[in-house]
Amino acid sequence: MRTKIVAGNWKMNKNLDEAMELAVELQEHQSDFPSDVQVIIAPPAIYLANLEMIDEPCYQLSAQNCSHHDYGAFTGEISPAQLRHMGIKYCILGHSERRQYFHETDELIASKVDACLRNEISPIFCCGEMLEERKANTHFVTVLHQLEKALFHLDKKDMSKVIVAYEPVWAIGTGVTASSNEAQEMHAFIRETLRNHFGVEVAEQVKILYGGSVNAGNSAELFSNPDVDGGLVGGASLKARDFISIIKSAAMPSQIED
Ligand code: 13P
């Protein structure tokens, strides 16, 4: 049985005071968190060190992006080797905002996946189709290509360290969530694709998160699907109360008290 992950992608939001306030608020409510849910937060990189200072944090930290190089003359980049040295265990890669606004290609994302894995950082690899692709019924082909190009070169051991996040672009920041059926259908497709390429053991192990307008009102239903192993939450992760509700909604049914 795969346990659930709820990850918050803060994107380029919050000043330092606000970031610390949100982290402290999460800390204060950590006794409400179900014990079987893993919480990850991905703050802006400049706050990673501050958030790491919090004593016995209720979350693990993720970067939102990194370079495909370990060190060197790459002004403005964030090194996966430096992240590793700080104890960061996760890094979001291939987010649609990076594909769209920073022109990241599948090839570049594949090399970032490699850079993370050689530095013992688990990629949270994002994939997902644009609205036109969904309308043209080519969404499975799009996601298949994204998986093939960024992940199929990995061996089984490395693939089992990857977290996949299905984030349909039309659902990101729009308030339009994929229906529970649409999410499950794509997650089952991703798992089947992984099974065909990497075998059943890896496919059963890899966690597949849903992202795109997840909120406190829709998370329980989305997360109840057999192939949805939690969520990658944007806007709703910026408010402690909403994010905590989403974390609570990811509990296994046996953990829910009332
Ligand atoms: P929203 O939850 O704001 O739609 O963002 C989703 C996302 O992009 C998480 O990575």
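Treat the numbers as computed from the prediction; the structure is a model and nothing was measured.

## Some points on the overall build of the protein
- For the protein, the helix and strand inventory stands at 12 helices and eight strands.
- Against the compact-globule benchmark of 18 Å for 258 residues, the protein has a radius of gyration of 17 Å, which places it among compact chains.
- Seen through its C-alpha atoms, the protein measures out along the principal axes to roughly 50 × 45 × 35 Å.
- Burial statistics for the protein: of 258 residues in total, 53% are counted as buried.
- The contacts of the protein with a sequence gap of at least 6 include a subset with a gap of at least 24, amounting to 73%.
- Within the protein, one finds 22 positive and 36 negative side-chain charges whose respective centroids are separated by 3 Å.

## So, the site of the ligand
- Around the ligand lies a shell of 13 residues, among which K11, H95, G173, S213 and G235 are the nearest.
- A distance of 2.8 Å is found between an oxygen atom of the ligand and a side-chain nitrogen or oxygen belonging to K11.
- G235 places a main-chain nitrogen or oxygen 2.8 Å from an oxygen atom of the ligand.
- Expressed as a share of its isolated accessible area of 310 Å², the protein-covered part of the ligand is 95%.
- Along the lines of polarity and charge, the residues of the shell around the ligand split into four nonpolar, seven polar and two charged.

## Some details on the layout of surface pockets
- Roughly 500 Å³ of internal volume is contained in the largest pocket.
- Along the walls of the largest pocket sit 18 residues, with K11, M12, Q64, R98 and F102 positioned nearest its centre.
- Partitioning the lining of the largest pocket into residue classes produces nine nonpolar, five polar and four charged.

Conventions and cut-offs
Residues numbered from 1 in each chain as written. Predicted model: local features only at pLDDT ≥ 70, side-chain atom pairs only at ≥ 80, totals over all residues. Heavy atoms only, no water. Helix = DSSP H or I, 4+ residues; strand = E, 2+ residues; numbered from the N terminus. Rg over C-alpha atoms; globule rule 2.2 N^0.38 Å. Buried < 20%, exposed > 50% of the residue type's maximum accessible area, 1.4 Å probe, protein only. Contact = heavy atoms within 4.5 Å. Lys, Arg positive; Asp, Glu negative; His and termini not counted. Charge placed at Lys NZ, Arg CZ, Asp CG, Glu CD. Near = heavy atom within 4 Å. Polar contact = N/O pair within 3.5 Å; in protein donor to acceptor, adjacent residues only side chain to side chain. Areas by Shrake-Rupley, 256 points an atom, 1.4 Å probe, with all protein chains shown as cover. Nonpolar A, V, L, I, M, F, W, Y, C, P; charged D, E, K, R; others polar. 1 Å grid on protein atoms, 1.4 Å probe; cavity = no way out; pocket = protein on both sides within 12 Å on 5 of 7 lines; lining within 4 Å. Points joined across faces, edges and corners; volume = space filled by probe spheres on them.

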